[in-house]
Amino acid sequence: MISDKQTDRIIHALDAFHIELPSWGFANTGTRFGKFLQPAAATSTAEKFADAGQVHRVTGVCPTIALHVLWDLPNGVGNCAQVQALAAEHGLRPGSINPNVFQDQNYKHGSLGNPDPAIRKEALDHILDCVEIQKRLGSRDLSLWFADGSNYPGTQNIRHRRRWFEEGLKATHAALAEDQRMMVEYKPFEPAFYHTDIADWGMALALSQAAGPKAKVLVDTGHHYQAQNIEQIVAWLLDMNMLAGFHFNDRRYADDDLTMGSIDPYQIFRIFHEIRFYEWERGARADIAYVVDQSHNLKGKIEAMVQTVMNAQELYAKAALVDHEQLVARQRSTDLVRAESCLQDAFKTDVRPAIVEWRQARRLPADPLEAFRQSGYLERITAARGERNLSGSTAYA
Ligand code: RM4
Ligand code: MN
Ligand code: MN
């Protein structure tokens, strides 16, 4: 049974825990082998906002939506007014802005790391347009992921590409306003299979440090090799004040973009624990963007997103139960089993009743998934969008 004191800890923790939804998580996506179309998938930016608004309505903790510029604002700054209006209509705010320098044919051999200066400039111009979009939308974070790399040894000059990245990121940093940030994401492979220019957290850290103080690292949980200790990376970045945020998802093999907590919930719990432990030591909250980066090509998209948010809250609430005073004492006396139990006891606690209490006090549905299913929204959009979706006429994301 959970005590009143534990419930209070959870309630306090959840009050400050917000999760950003990805616009692209509501559209049809697939694998490199094909795309399975869903009749209810969002077919426009307006529909992505509407769907994200539903997730926020039933969970109450997703006030912002991450936008992918090429997919959501194809006319760049020209779409800002429309996006502002959509955000207002659905009770949301634009979140992180994601440039897209990987889909155009010109980026076959890279963007900021491309050996052709004209293509590097094209990529930088697009990124600078995104900074302008960010300013107009009042969005704080620029979220940078680069597909740059190569497939065969000897085909690219790795050192030159590193320098070109440094140049491009410095120029990006120079365009940011005082209160803006840039988040530099890393990924070991895919689409490049031999070398990726920003392959791991060390490379993202070095490039962020070179770019300037508003640049920090973004950790996508799916972008690691299998045995990598992700919470250690998080602890290091926190300690160096270099952690900007997360892209949350789960995976079994590679960058699978599965529902957060569906494969290894203890992994997410350990990440949240490192954050809470750091915040407790500092006596202040860390400024971290918690963003979901998932695309469900088989599960219903809105349902899976609600499930994600519920999983995230549960794992965060469990991490909030770790008794830090006790943990520190046990670490000091190297009481190993008892120290480990501080984490395990918290992880094993059923926090769901406390979360329901938190929801009820905020007039939110006790069971967000059920509330969504009862709302009739899915049936309405399935009827309205079915034909458009199944004709396959909608573009990627
Ligand atoms: C990448 C990476 C980026 C995301 C794209 C669509 O693997 O995770 O963050 O924007 O996929
Ligand atoms: Mn990502
Ligand atoms: Mn990814």
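Residues numbered from 1 in each chain as written. Chains lettered and ligands numbered in written order. Predicted model: local features only at pLDDT ≥ 70, side-chain atom pairs only at ≥ 80, totals over all residues. Heavy atoms only, no water.

### Focus on the overall build of the protein chain
The helix and strand tally for the protein chain stands at 15 helices and twelve strands. In terms of overall dimensions, the protein chain is globule-like: its C-alpha atoms have a radius of gyration of 21 Å, near the 21 Å expected for 397 residues. A principal-axis box enclosing the C-alpha atoms of the protein chain has dimensions of 60 × 55 × 40 Å. Across the 397 residues in the protein chain, those meeting the buried criterion constitute 55%. Taking the contacts inside the protein chain whose residues are at least 6 apart along the sequence as the reference set, 78% of them involve residues at least 24 apart. Positive and negative side-chain charges in the protein chain, numbering 43 and 50 respectively, have mean positions lying 1 Å apart. (Helix = DSSP H or I, 4+ residues; strand = E, 2+ residues; numbered from the N terminus. Rg over C-alpha atoms; globule rule 2.2 N^0.38 Å. Buried < 20%, exposed > 50% of the residue type's maximum accessible area, 1.4 Å probe, protein only. Contact = heavy atoms within 4.5 Å. Lys, Arg positive; Asp, Glu negative; His and termini not counted. Charge placed at Lys NZ, Arg CZ, Asp CG, Glu CD.)

### A few points about the coordination of the manganese ion (ligand 2)
Protein-derived coordination of the manganese ion (ligand 2) comes from Glu-185 (OE), Asp-220 (OD), His-247 (ND1) and Asp-293 (OD), at a distance range of 2.2 to 2.3 Å. In this structure, the manganese ion (ligand 2) is surrounded by six donor atoms whose angles at the metal cover 72 to 167°, and the resulting shape is octahedral. Sequence positions of the residues that donate to the manganese ion (ligand 2) give the spacing E-x34-D-x26-H-x45-D. Separating the manganese ion (ligand 2) from the manganese ion (ligand 3) is a gap of 3.9 Å. Here Glu-185 is found in strand S8 (residues 181-185), whereas its partner Asp-220 is found in strand S10 (residues 215-220), with 35 residues between them in sequence. On the basis of relative accessible area, Asp-220 is assigned to the buried category, the value being 0%. (Donors = N, O, S within 2.8 Å, 3.2 Å for Na, K, Ca; no water. Tetrahedral: all angles 85-135°; square planar, octahedral: opposite > 155°, others 65-115°.)

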